[in-house]
Structure formats: C-alpha cells, structure tokens
Amino acid sequence: MTVQELKIAGDDLSTRDINRKIKEALNENIRRFSIESNAELDSIVVGIREEAEFILNGRFGDFVGALNHGPRIEIHGKTGIRW
C-alpha cells in the first residue's frame, strides 16, 4: 500500500490557504504532509484531530501545531519569534 503525501509549497500562500489544503487532504484520507515555506506564517498546522505526519521545512511563525491532538510534527528550520 502506497501512502499518499501532499506537498505544499507555501511561500505564495496565506496561512488560511495552507490550513485549508491540509483539512481538505485529511478529508480525503491523506495522512502525510510536506510543507516548505520561508514566509514565516503564524498558526500553521493547527486544530488537527487526526493522526497524521507533518514535515515542515523552512521558516515558520508562532503557534505552529497549536491545539492539536493526534499529529506528529517535525520541523527542519526555524519557528517562532522573528528577530
């Protein structure tokens, strides 16, 4: 069985766009996500209640992975306060 993965290039997307793509994919039983962005967007991958795997590459803002119960989130890059 091949596990489907959704790859999201987020530099030109808003927080809402990225989170909407995630929710739509979860509804289609996709459980693996790769997100690349240097836009430092806040509130990415929030409110997820399903078991899923998220690999984030790049620079993200605050509240990454907030209010979740189920997913595994791995971050390669930076997140949080911008100095």
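Residues numbered from 1 in each chain as written. Predicted model: local features only at pLDDT ≥ 70, side-chain atom pairs only at ≥ 80, totals over all residues. Heavy atoms only, no water.

Visitor: Explain the environment of Lys7 here, please?
Guide: Residue position: Lys7 is located in strand β1 (residues 5–9). Judged by relative accessible area, Lys7 falls into the exposed class, the value being 65%. Residues Lys7 and Gly80 lie 73 residues apart in sequence; the distance between their C-alpha atoms is 22 Å. (Helix = DSSP H or I, 4+ residues; strand = E, 2+ residues; numbered from the N terminus. Buried < 20%, exposed > 50% of the residue type's maximum accessible area, 1.4 Å probe, protein only.)

Visitor: Please explain the pattern of salt bridges as it appears in this structure.
Guide: In a structure, side chains of opposite charge can pair up when their charged atoms sit close to one another. Counted by the stated rule, this structure contains 6 salt bridges. Between Glu24 and Arg20 there is a salt bridge, and its shortest N-O distance comes to 3.9 Å. In this pair, Glu24 and Arg20 are both assigned in helix α1 (residues 15–27), 4 residues apart and thus about one turn of the helix distant. The salt bridge partner of Glu74 is Arg72, with a shortest N-O separation of 3.1 Å. Taking the relative accessible area as the measure of exposure, Glu74 reaches 28% and is therefore partly exposed. By sharing partners, the salt bridges in this structure join Arg32, Glu53, Arg72 and Glu74 into a single network. (Salt bridge = Lys/Arg side-chain N within 4 Å of Asp/Glu carboxyl O.)

Visitor: I would appreciate a short explanation of the pairing of strand β2 (residues 32–37) in the present structure.
Guide: In this sheet, β2 lies alongside β1 in parallel orientation, the contact comprising 5 bridges. The residue of β2 that forms the bridge with Leu6 is Phe33. With α1 bridging β1 and the parallel β2, this β-α-β connection has right-handed handedness. Both β2 and strand β3 (residues 53–60) contribute to a ladder of 6 bridges, which runs parallel. Across the sheet, the residue bridging to Ile35 is Leu56, located in β3. (Pairing = 2+ DSSP bridges. Right-handed = clockwise from strand over helix to strand, strands pointing away.)

Nothing here speaks to function; it is all geometry.
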